[in-house]
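Residues per chain are reported as follows:
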Amino acid sequence: MTTLAPLPYESPATEQDHAVMRTQLGREMRGVISIARRCACGRPAVVRTSPRLEDGTPFPTSLYLTLPWLTLEISRLEATGLMAELTARVEQDSELAAAYRDAHERYLARRAEIGDAAEVRHVSAGGMPTRVKCLHALAGQALAEGTGTNPIADEVLVMIEGVLPELLCRCDDVEEA
Ligand SMILES: [Zn+2]
């Protein structure tokens, strides 16, 4: 296997990060390896997690979006039926399909750096490589790896204010809502 360049934004998870994630999710974030991307304010945005949780459960979504304002924005987009539209595009556009498959392969290679769970070895996340099922999972990859890794996620993230080219902080949007 070829070695990947390090995740560009990865940093260690501190005790404070764990406390923030508990607030973000309303539960303990399990299987934490590191913080793969942070909001501009420093709060965890994407958490890198082990492919197998402490209790033995396989956990394929190894780049997990936790940032509430962004999760909410993506849920709003999902509610418009965008996934069906994007899946149809992947089916019809061979160039897009190839790039999306590359993103799938990248997901698996990145996860293999931190462990292995045979049950999910060929399962990436978000519906890849042929379907678009969860925009949160795809966004997690794009935010962790940077623009140009996942073409579908890049298209989605550009629709959300404050994500590209730099991830800004909109945490107050959610806290005040
Ligand atoms: Zn923030």
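Counting of residues starts from 1 at the beginning of each chain's written sequence and follows it residue by residue. This being a predicted model, a pLDDT of at least 70 is required before a residue's local features are given, and a value of 80 or more before pairs of side-chain atoms are given or counted; all residues contribute to the totals for chains, interfaces and linings.

Visitor: Describe the overall build of the protein, listing the residues and the values that go with them.
Guide: Numbered from the N terminus, helices here are DSSP runs of H or I no shorter than four residues, and strands are runs of E no shorter than two. A count of helices and strands for the protein gives seven helices and three strands. Relative to the globule expectation of 16 Å for 177 residues, the C-alpha radius of gyration of the protein, 15 Å, shows essentially globular dimensions. Seen through its C-alpha atoms, the protein measures out along the principal axes to roughly 45 × 35 × 25 Å. Burial in this document is a count-based property: other C-beta atoms within 10 Å of a residue's C-beta are tallied, and the residue is buried at 20 or more, exposed at 12 or fewer, or partly exposed in between, with C-beta positions derived from the backbone. Split into buried and exposed, the 177 residues of the protein put 38% on the buried side. Each residue is represented by a C-beta atom placed from its backbone, and any two residues with such atoms within 7 Å are regarded as in contact. The long-range fraction of contacts in the protein, counting pairs at least 24 apart against all pairs at least 6 apart in sequence, stands at 55%. As a reference, a globule follows 2.2 Å times the number of residues to the power 0.38, and the radius of gyration itself is taken over C-alpha atoms.

Visitor: Talk me through the pairing of strand S1 (residues 32-38); I want residue IDs and the actual numbers.
Guide: Following DSSP output, two strands are said to pair if at least two bridges run between them. Judged from the five bridges that link them, S1 and strand S2 (residues 44-49) form a sheet pairing that is antiparallel. From the neighbouring strand, valine 32 faces S2, where its bridge partner is threonine 49. The antiparallel pairing of S1 with S2 creates a hairpin that spans five residues between the two strands, and glycine 42 there sits at a positive phi of about 105°.

Visitor: Kindly report on the packing of helix H2 (residues 68-78) against helix H5 (residues 135-145), identifying the contributing residues and their values.
Guide: Interaxial distance between H2 and H5 falls to 9 Å at its minimum, and their mutual angle equals 130°. Overall, the two elements H2 and H5 adopt an arrangement that is oblique. The handedness of the crossing between H2 and H5 comes out as right-handed. For the pair formed by H2 and H5, the contact residues are Thr71, Ile74, Leu77 and Glu78 on the first element and Leu135, His136 and Ala139 on the second. Each residue belonging to the contact of H2 with H5 can be placed in one class, and the counts come to four nonpolar, two polar and one charged. Between N-to-C directions, angles span 0 to 180 degrees; the directions come from axes that are lines fitted to C-alpha atoms, helices contributing only their stretch in contact. Throughout this description, any angle smaller than 35 degrees is read as roughly parallel, any larger than 145 degrees as roughly antiparallel, any in the 65 to 115 degree range as roughly perpendicular, and the remainder as oblique. Two helices crossing with the near one rotated counterclockwise from the far one by less than a right angle form a left-handed crossing, whereas a clockwise rotation gives a right-handed crossing. Three classes are used, and their members are as follows: Ala, Val, Leu, Ile, Met, Phe, Trp, Tyr, Cys and Pro are nonpolar, Asp, Glu, Lys and Arg are charged, and the others, Gly among them, are polar.

Visitor: Can you lay out unusual backbone geometry for me, pointing to particular residues and giving the numbers?
Guide: Residue proline 129 follows methionine 128 across a cis peptide bond; omega there is 10°. Locating proline 129 in the fold gives a position in the loop between helix H4 (94-112) and H5. At the junction of leucine 164 and proline 165, the peptide bond is cis and its omega measures out at 0° in the coordinates. Mapping proline 165 onto the fold places it in the loop between helix H6 (151-157) and helix H7 (171-176).

Visitor: Could you give an account of the sheet that holds strand S3 (residues 63-65), naming the residues involved and the relevant values?
Guide: Taken in spatial order, the three strands line up as S1-S2-S3 in an open sheet, and their pairing is antiparallel. Here the strands that pair on one side only, and so sit at the sheet edges, are S1 and S3. Within the sheet, the average angular offset between the axes of one strand and its neighbour, ignoring direction, is 30°. Most of the contacts of H5 go to S3, to which it runs at about 110°, and overall it touches S1, S2 and S3.

Visitor: Describe the pairing of S2, listing the residues and the values that go with them.
Guide: Counted residue by residue, S2 has six buried out of six residues, so it is predominantly covered. As defined by bridge partners, S2 adjoins S3 across three bridges and the pair is classed as antiparallel. Counted as the bridge partner of arginine 48 is leucine 63 from S3.

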